[in-house]
Amino acid sequence: MNTPIRQRVHTTEQCILTFSCPDQPGLVFEVSRFLVEHGCTIVESQQFRDPAASRFFMRVQFADRDDGPLDVETLRQDFTPVAVASIMNWRLTRTDDGPRILIMVSKYGHCLNDLLYRASTGSLDVTIPAVVSNHPDLGTLADNFNVPFHHIPVKPESKEAAEAELLGLVDSLDIDLVVLARYMQILSTDLCRKLDGRAINIHHSMLPSFKGARPYQQAYVRGVKLIGATAHYVTADLDEGPIIEQEVTRIDHSMSAEQVTALGRDNECLALSRAVRWHTENRILLDGGRTVVFR
């Protein structure tokens, strides 16, 4: 029987409060006072003020002062008046709520393998209930990590039905995040809308830009000196969602096309794994079309 990957790394129950709101005096004080009054101690705190947008962003990770259990529902209820008064867009979650991610892939397995391995060792603290692919090729790889593999073919005439099947899995498996780990299909506008804020994609990023098949081979032929990868949130605008992370590597004329491709895939794995980890640790806040990432 397949068991989704899960490795716990937390030993003490903690919570994370994230919020953004119009910039105003006293925000840090109000949050700190609230936590003190509720018997909590701050474990980690980060903040950022965007002067251009006049907005304030904050992430606070906290625990019970006596290492006891945290009543999350009461905390949420009691914090609501504070949030309303400051016009906050906020979330309060437990660190052990176990983000559940569904990975989508086509035929390239490097990002899938990297995410499965990191989850299996605990360096990525998530549950992976399923891998979905429009090809059957990587089923064995998912089986090696005891993760259920779902083959959902996608053809022009069946695209709507395939996306409906995918959404069915997202709902039935209670998925928090969908990760496109080199999934070579364009999602419909409707699907992008339904997955808004909870889907991450990875793609190469090079100048000049090379589209279509074998982009690293094209970069090699043109003598590109820098290759990179970009992890971003999925939107209906293809590959133009808010950027979360980028990784870059310098290359030179002595490298073969195969070496350039291998380095490019390493970039993709690094950028994607960081983006997934930061998202699942509630370290990312949207600032218009940009992201604030509290690393």
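Residues numbered from 1 in each chain as written. Predicted model: local features only at pLDDT ≥ 70, side-chain atom pairs only at ≥ 80, totals over all residues. Heavy atoms only, no water.

## Describing the overall build of the protein
Moving on, step 1. The helix and strand inventory of the protein stands at eight helices and 13 strands.
Moving on, step 2. Against the globule reference of 19 Å for 295 residues, the protein gives a C-alpha radius of gyration of 21 Å, in line with a compact fold.
Moving on, step 3. The principal-axis extents of the C-alpha atoms in the protein amount to approximately 60 × 50 × 35 Å.
Moving on, step 4. By residue count, 48% of the 295 residues in the protein fall in the buried class. (Helix = DSSP H or I, 4+ residues; strand = E, 2+ residues; numbered from the N terminus. Rg over C-alpha atoms; globule rule 2.2 N^0.38 Å. Buried < 20%, exposed > 50% of the residue type's maximum accessible area, 1.4 Å probe, protein only.)

## Focus: helix α1 (residues 27-37)
Moving on, step 1. Among all positions of α1, only Leu 27, Val 31, Phe 34 and Leu 35 are buried. Along the long axis of α1, the arc covered by the buried residues comes to 95°, so they all point the same way. Away from its buried face, by an angle of more than 90 degrees, α1 presents the exposed residues Phe 29, Val 36 and Glu 37.
Moving on, step 2. Next to the buried residues of α1 lie β1 (14-22), β2 (40-50), β3 (55-64) and α2 (72-85).
Moving on, step 3. Of the residues trailing α1, Gly 39 is marked for its positive phi of about 70°. (Arc of directions from axis to C-beta. Contact = heavy atoms within 4.5 Å.)

## Notes on the packing of aromatic side chains
Moving on, step 1. Scanning the entire structure with this criterion turns up four aromatic pairs.
Moving on, step 2. Aromatic pair Phe 19 and Phe 56: ring centres 6.1 Å apart, planes at 35°, arrangement tilted. Of the two residues, Phe 19 sits in strand β1 while Phe 56 sits in strand β3, which places them 37 residues apart along the sequence.
Moving on, step 3. Judged by relative accessible area, which is 0%, Phe 19 ranks as buried.
Moving on, step 4. Considering the side-chain rings of Phe 34 and Phe 79, the 5.1 Å spacing of their centres and the 70° angle between planes classify their relative orientation as edge-to-face. (Phe/Tyr/Trp six-rings, centres within 6.5 Å; stacked < 30°, edge-to-face > 60°.)

## A look at the packing of α1 against α2
To describe two helices that pack against each other, one gives the angle between their axes and the distance between the axes.
Moving on, step 1. Viewed as axis vectors pointing N to C, α1 and α2 meet at an angle of 150°, and their least axial separation amounts to 11 Å. By the criterion of interaxial angle, the relationship of α1 to α2 is roughly antiparallel. With respect to the hand of their crossing, α1 and α2 are arranged in right-handed fashion. Contact residues: Glu 30, Val 31 and Phe 34 in α1; Leu 75, Asp 78, Phe 79 and Val 82 in α2.
Moving on, step 2. For the contact of α1 with α2, the residue count by class is five nonpolar, no polar and two charged. (Axes fitted to C-alpha atoms, helices over the stretch in contact; angles between N-to-C directions. Parallel < 35°, antiparallel > 145°, perpendicular 65-115°, else oblique. Left-handed = near helix turned anticlockwise from the far one by under 90°. Nonpolar A, V, L, I, M, F, W, Y, C, P; charged D, E, K, R; others polar.)

## Thoughts on the pattern of salt bridges
Moving on, step 1. All chains considered together, the criterion is met by 18 salt bridges.
Moving on, step 2. Here Glu 44 makes a salt bridge to Arg 283, at a shortest N to O gap of 2.7 Å. Remark: Arg 283 occurs in the loop between α8 (257-280) and β12 (284-287) and Glu 44 occurs in strand β2; sequence separation between them is 239 residues.
Moving on, step 3. By relative accessible area, which is 8% here, Arg 283 ends up buried.
Moving on, step 4. For the salt bridge of Arg 274 with Glu 245, the shortest nitrogen-to-oxygen distance reads 3.0 Å. (Salt bridge = Lys/Arg side-chain N within 4 Å of Asp/Glu carboxyl O.)

## With respect to the packing of helix α3 (residues 110-121) against α8
Moving on, step 1. α8 packs onto α3 with a crossing angle of 45° between their chain directions and a minimal axis gap of 9 Å. As far as their axial angle goes, α8 and α3 are oblique. Relative to α8, α3 is oriented so that their crossing is right-handed. Residues His 110, Cys 111, Asp 114, Leu 115 and Arg 118 of α3 form the contact with α8, whose participating residues are Arg 265, Glu 268, Cys 269, Leu 270, Leu 272, Ser 273 and Val 276.
Moving on, step 2. Of the residues contributing to the contact of α3 with α8, the split by class is six nonpolar, two polar and four charged.

## Remarks on the sheet that holds strand β9 (residues 199-204)
Moving on, step 1. An order of β7-β6-β5-β8-β9-β10-β11 is seen for the seven strands of this open sheet, with the pairing classed as mixed. What marks the edges here is a single partner per strand, and that holds for β7 (149-151) and β11 (243-250). Here the average twist between neighbouring strands, direction ignored, is 20°.
Moving on, step 2. Sheet analysis places strand β10 (residues 226-233) next to β11, joined by seven bridges and oriented antiparallel. By the bridge assignment for β11, Ile 227 is matched with Thr 249. (Pairing = 2+ DSSP bridges.)

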